[in-house]
Structures are given as C-alpha cells and as structure tokens.
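Structure assessment
If you want the building blocks of each chain, they are given just below.
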Amino acid sequence: TESEVNRNALSVRTAVAGMTLYALLPWPPLRIIALLGCMSFIVLMGCRTSMVAMFGAIAFLFVERRSRKNRVTVLIITVVATILALVFLPVILIGLQEFALNSLGSNNVITNYFLHDKSSSNVRFDYLDRFEVWDYSWGFVRERPWFGYGLGTEHEIMGVRSHCAYLSVMFDGGVLNLAVWSFFYLQCLYKLFDRKWLKTVGETKLYFLTLMLLGYMLLAGIVESSGFGSIATPINLIFIFLVIWLFQPKPESD
C-alpha cells in the first residue's frame, strides 16, 4: 500500500541520518545515542530491511578498518562466504519459511515483530521467498535484456516491484545499465580500499560515512530497491557526491 511505500522511504532516510550522525558526531557516547535513536525509530516503523542493512553497513565499516593489513585473507573469506551463501540460500530460505509458518501467532516478541503483518497466505510470496517475484521480473528482463523498458517503468509495466535493486536496474536499462553501475561501484570500492588513498582519507569521518552508505545499498539492494543504480534516490546521490569530493586530493606516493 501507499503507507508501506512511505514507511519504507522514511526508514531509508532515517538509516542515512543514523549513519551520518554515527560517522560525523565527535563524542562517541553521543554517536551511539544518535544511532540507537534512529534504529529505534526504524524498529517502530517496522522496516526490517533497513534495520538489517544498517547493522550490516556498520559491520562493513568495522571489518574494513580492522582488515587493512590482511586484505587478501579478508577477500578470500568473502569470496568463499559468498559462494556458500549462494549455494545454501535456497535451503536457508526454505528453513526460514517453515520456521515463519510455524511461528505465526506465537507470543515471542522477536517473531511477532518480524511476522506481525504476515499470514500463512503471504509468508511465501511476500516475505521470505522472493524467488517467485524475482522470476516474474526476470521474465520481463529477458524480453528486453540490453536496454530495458525505461527509467521508472517497473511498477507501471509489471504491476509490482522486483524487490531486488539489481533486477530493477536491469528492468530500467538492461544489462548495459547494470554493467555501467557495477563498474562505477567497483571503481569506488577500488578507491576506498586503495592503500595510497587510505593514507590520505582513510581516517576521515566522510570516508567512514561513504563506506557505510555503499555497504547499506549493496546489502539492502538484494531484497529491496535501496538506491543502488538510481540517479534520483537520496542515498545514492549523497554517496556519489561524497565519492567525488572525497577523492579530489592527490594520493600520497609511497
């Protein structure tokens, strides 16, 4: 419904505000208070994707700062973990689906939070198992794989959202659109992790914020439209402007 769309959009903006305050406020206790305040508001709004992605973005920052001397090890672990996640994702989703169905009507506070607006008829399609809507969207993408259907036409043509930013990018502009945006984000990752640039900007507050925004978009984009590949979404615009500003100085030479 329209209220759900507004609630999700408001939760994304709250997450951006929380990450911004966490990165920029000077006093650590105040940063934690601001972060918890924004997270509490997201919880009250019931936006589960924003909550999980926000935690993931902060974890992304934490791992980056503590792995600068062991990039190869972290890269290997990330690749292996990604492969295992892709292999076992169907089994995990089926297990979560069964758990969700068995937990409907439970008095458990946590399960009630995640399932309060769900019934047995929509747990499978609308909540845990996105494969059906992804497959539906993929059917349209295959019809026009190279250039897509045009920006902002997804809901108008399909009647639903893809619930995946990567599919939405392909729906709007085809594989070429996804390739261009993927190249852009990979270049950003290269710059953000490059040792020469880290000497210049690696301990700045805006660097931390940029890294968290990227982590948020990449994670939330798996199951929702998160701003990934959008030129009109605030979180992506902020990220782009930060990247442009952040890497203006020349990197120091070894």
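Refer to the preceding data block for the structure.
An account of the accompanying structure is given in this report. Everything numeric here is computed off the predicted structure, so don't read it as measured data.

**Here's the deal with the nonpolar core**
Core analysis: the biggest nonpolar cluster contains 54 residues, and Met 19, Met 54, Tyr 207, Met 212, Leu 213, Tyr 216 and Phe 239 have the highest contact counts within it. Of all the secondary structure elements, the ones that give two or more residues to this core are helix H1 (2-24), helix H2 (28-45), helix H3 (48-66), helix H7 (131-143), helix H9 (165-193), helix H10 (195-201), helix H11 (205-220) and helix H12 (234-246).

**What about the packing of aromatic side chains?**
To describe a pair of aromatic rings, you give the distance between the ring centres and the angle between the ring planes. Applying the stated criterion across every chain yields a total of 13 aromatic pairs. Judged by centre distance (4.7 Å) and plane angle (25 degrees), the ring pair of Tyr 185 and Phe 228 falls under stacked. Taken together, the residues Tyr 185 in helix H9 and Phe 228 in the loop between H11 and H12 connect sequence positions 43 residues apart. When its relative accessible area of 3% is taken as the criterion, Tyr 185 is described as buried. Look at Tyr 207 and Phe 208: their rings are 6.0 Å apart centre to centre, the planes differ by 70 degrees, and that puts the pair in the edge-to-face class. When sorted by exposure, Tyr 207 lands in the same class as Phe 208, which is buried. Through pairs of rings, three or more aromatic residues link up here, namely Tyr 166, Trp 181, Phe 184, Tyr 185, Phe 228 and Phe 239.

**Describing a nonpolar patch on the surface**
Taken together, the side chains of Val 72, Leu 75, Ile 76, Val 79, Val 80, Ile 83, Leu 84, Val 87 and Phe 88 make up a nonpolar region of the molecular surface, amounting to roughly 850 Å² of accessible area. Position of Val 72 relative to the elements: it lies in helix H4 (residues 71-103). Its relative accessible area of 60% is what places Val 72 among the exposed residues.

**With respect to the pattern of salt bridges**
A full pass over the atoms with the stated rule returns one salt bridge. A salt bridge links Glu 203 to Arg 65, with the shortest nitrogen-to-oxygen separation between them at 3.0 Å. Highlighted residues: Glu 203 in the loop between H10 and H11 and Arg 65 in helix H3, separated in sequence by 138 residues. A relative accessible area of 51% means that Glu 203 is categorised as exposed.

What counts, and where the lines are drawn
- Residues numbered from 1 in each chain as written.
- Predicted model: local features only at pLDDT ≥ 70, side-chain atom pairs only at ≥ 80, totals over all residues.
- Heavy atoms only, no water.
- Core = buried A, V, L, I, M, F, W, Y, C linked by side-chain atoms within 4.5 Å.
- Buried < 20%, exposed > 50% of the residue type's maximum accessible area, 1.4 Å probe, protein only.
- Helix = DSSP H or I, 4+ residues; strand = E, 2+ residues; numbered from the N terminus.
- Phe/Tyr/Trp six-rings, centres within 6.5 Å; stacked < 30°, edge-to-face > 60°.
- Patch = residues over 30% accessible without salt bridge, like charges linked within 9 Å, V, L, I, M, F, W, Y side chains within 5 Å.
- Areas by Shrake-Rupley, 256 points an atom, 1.4 Å probe, with all protein chains shown as cover.
- Salt bridge = Lys/Arg side-chain N within 4 Å of Asp/Glu carboxyl O.

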